Amino acid sequence: MNKTQKMTSGNRILSSEQVEKVHEYSIELLEKVGVWVQSEEALHVLKKSGCDVEDAKRVKISRKLIEQAIESSPEKIDVFNHKGDLVMELREDQCFYGTGSDCPTHIDINSGERRETTKNDVEELTRFCDALPNIDFCMSYAIASDSPKGGNFVHQYEAMLLNTDKPIIVTGHGRSDMKTMVDMAAARIGGYDKLKNKPPLVLYSEPMSPLIHTDMGISKCFVCAEYGVPFIYIGSPFMGGNGPVTLPGVLVQANAECLSGLVICQCKHPGAKFVYGGDVTSMDMKTSIFAYGAPELNLLNAALSDLAHYYKLPLFCIGGATDSSKLDAQAGVEYALSIYLATLNGCNIIHDCGYLEAGLTSSFESVLFANEVIDMVKYMLQPIEINDKTVPLEMMDRVGPGGSFITEPHTAENFKKTLWIPKLMDRSRFNASDIEKNKDMLSRLNHKAKEIIKSHKGPYIPEAVIAKIAKLVEAHVPDI
């Protein structure tokens, strides 16, 4: 199906005047309040670019530097699979979907019990995602809790790297983690030149809200920029917690955090492959959780999308996540609304598809369900072609008023091409005597997930490459 969705200027939550206001407030925040920069390398870069860095906790960034950074950032970023094929063009009106990362808990597909996640879970979940047609990229959907201390991100990347050909989005503890993962990516695809020209690797990093650029967060971005690897650097404030409780207030803060990170990275490496965005939502005042299923998240996603279109920057956001601890009606509503709206907004990278329990829990069934929702949303937002083939007047004349189209060859030839045919949604009537037909959605998902796990073997990787990656993992010195 055409990945170009129908989400141009028709779906905007902010007016042009409001976008300008948010931009101006963000500049005022950075010029007057400033940011706390905890990276000596970043402080040096900013000082060299004309910033007053005497007080590292109040580094002020000028309008001129912000405008220069936006100007030097690429409008389009290409991401490849591990075979070297271009599979994700991060540009206007292109949407791609994938999992989130680092769930500490997993619902076992056989027992239904919740347990701590392991490296084996990362391997199996990645191989599972490799089989799903609407999951375009993989993030480590679980934590490798059984890996050596401080080495979980590198071990998670190894588990992903050996079990999918799809692009992989990673995170890490700092510079050492990122450098090792760059080396691993180069080993998998055949060298650093190939990595620079056709990167299958993307970093996810973030500042610490409110308005702190840590050495850990920035140093990873610098490594990526040096090797031509795309990287996401976005704020994750939540309303009433580490950000203002008002929608416009937290939006300005998130935008300022992202823009100041953009300035640091572009001053260090002009043209660095920077992806804009934000993971911004409310703090639930009863539970204090970061609310993934909240309507505030969808509103702020839309507002950040407006800003990304204004800046002409690739965009990263949340979709397909729920605060429910199980795959139930609440999860269905929150998955569907967030995926639909993120797509309608034109978000390029839509992550966290399949999250349960506000990002704490993973399951095969939840990712499979998100895959089905994405398929439906893609259908709903595909361009509609109106021409002589899609409006068959000659045949309609032959059938005539009161006739039937079900026996026409045109129907047999075209219904599979034009109708959305569910894989897991059930449209059958209730039948008290047929237990199989009365299975609920979760049972169907569990059955189908087990079939996929059994049948999909993952990519072929030469033993020499596997051994080289294993040596890099073994030699890795963690940042912590």
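Here is what the cut-offs are and how they apply
Residues numbered from 1 in each chain as written. Predicted model: local features only at pLDDT ≥ 70, side-chain atom pairs only at ≥ 80, totals over all residues. Heavy atoms only, no water. Pairing = 2+ DSSP bridges. Helix = DSSP H or I, 4+ residues; strand = E, 2+ residues; numbered from the N terminus. Axes fitted to C-alpha atoms, helices over the stretch in contact; angles between N-to-C directions. Parallel < 35°, antiparallel > 145°, perpendicular 65-115°, else oblique. Left-handed = near helix turned anticlockwise from the far one by under 90°. Contact = heavy atoms within 4.5 Å. Core = buried A, V, L, I, M, F, W, Y, C linked by side-chain atoms within 4.5 Å. Buried < 20%, exposed > 50% of the residue type's maximum accessible area, 1.4 Å probe, protein only. Nonpolar A, V, L, I, M, F, W, Y, C, P; charged D, E, K, R; others polar. Expected span 1.5 Å × (residues − 1). Arc of directions from axis to C-beta.

A look at the sheet that holds strand S6 (residues 114-116)
Strand order in the open sheet formed by three strands is S6-S5-S17, with mixed pairing between adjacent strands. Looking at the sheet topology across the chains shown, the edges are occupied by S6 and strand S17 (361-362). As paired strands, strand S5 (residues 105-107) and S17 are joined by two bridges and run parallel to one another. Within S17, the position partnered with threonine 105 by the bridge is threonine 361.

A word on the packing of helix H11 (residues 329-345) against helix H12 (residues 364-380)
Packing of H11 against H12 leaves a shortest axis separation of 10 Å and a crossing angle of 45°. On the basis of the axis angle, H11 is oblique to H12. Crossing angle aside, the handedness with which H11 passes H12 is right-handed. For the pair H11 and H12, contact is made by Gly332, Tyr335, Ala336, Ile339, Tyr340 and Thr343 and by Ser366, Phe369, Ala370, Val373, Ile374, Val377 and Met380, respectively.

Here we look at the nonpolar core
Counting residues in hydrophobic clusters, the biggest one holds 138 residues, and the most contacted among them are Tyr157, Met178, Phe231, Ile232 and Tyr276. Here the element with the most residues in this core is helix H9 (residues 247-268); it accounts for 11 residues. Those residues in contact with methionine 178, other than ones at most four positions away along the chain, are Val170, Leu201, Leu203, Lys220, Val223 and Cys224.

Quick word on the packing of helix H6 (residues 175-189) against helix H16 (residues 463-475)
Close contact between H6 and H16 brings their axes to 9 Å; oriented N to C, the two are set at 170°. When the interaxial angle is binned, H6 and H16 end up roughly antiparallel. Contact residues: Thr180, Asp183, Met184, Ala187 and Arg188 in H6; Val465, Lys468, Ile469, Leu472 and Val473 in H16. Counted by class, the contact of H6 with H16 contains six nonpolar, one polar and three charged residues.

Examining H16
An α-helical segment advances 3.6 residues per turn. Residues three or four places apart therefore align on the same side. The end-to-end C-alpha distance of H16, which contains 13 residues, comes to 18 Å, matching closely the 18 Å that a straight helix rising 1.5 Å per residue would cover. Listing the buried residues of H16 in full gives Val465, Ile469 and Val473. All buried residues of H16 lie within an arc of 75° about the axis, which places them on one face of the element. Opposite the buried face of H16, by more than 90 degrees, sit the exposed residues Glu463, Ala464, Lys471, Glu474 and Ala475.

Brief notes about the pairing of strand S2 (residues 77-80)
Note that S2 and strand S3 (residues 86-90) share four bridges and pair antiparallel. When the sheet's bridge partners are listed, valine 79 is paired in S3 with methionine 88. In this structure, the hairpin formed by S2 and S3 is closed by a connection of five residues, where glycine 84 is found at a positive phi of approximately 95°.

Thoughts on the sheet that holds strand S7 (residues 138-139)
Taken in spatial order, the eight strands of this open sheet run S4-S16-S15-S13-S11-S9-S8-S7, and their pairing is parallel. Edge positions in the sheet fall to strand S4 (96-97) and S7, since each has one partner strand and no second. Both strand S13 (residues 274-277) and strand S15 (residues 315-318) contribute to a ladder of two bridges, which runs parallel. Residue pairing in the sheet places tyrosine 276 in a bridge with leucine 315 of S15. Packing against the sheet, H6 makes contact with strand S8 (168-170) and strand S9 (201-205), and its axis sits at approximately 165° to S9. Here helix H8 (residues 215-227) sits on the sheet and contacts S9 and strand S11 (231-233); the angle it forms with S9, its principal contact strand, is near 160°.

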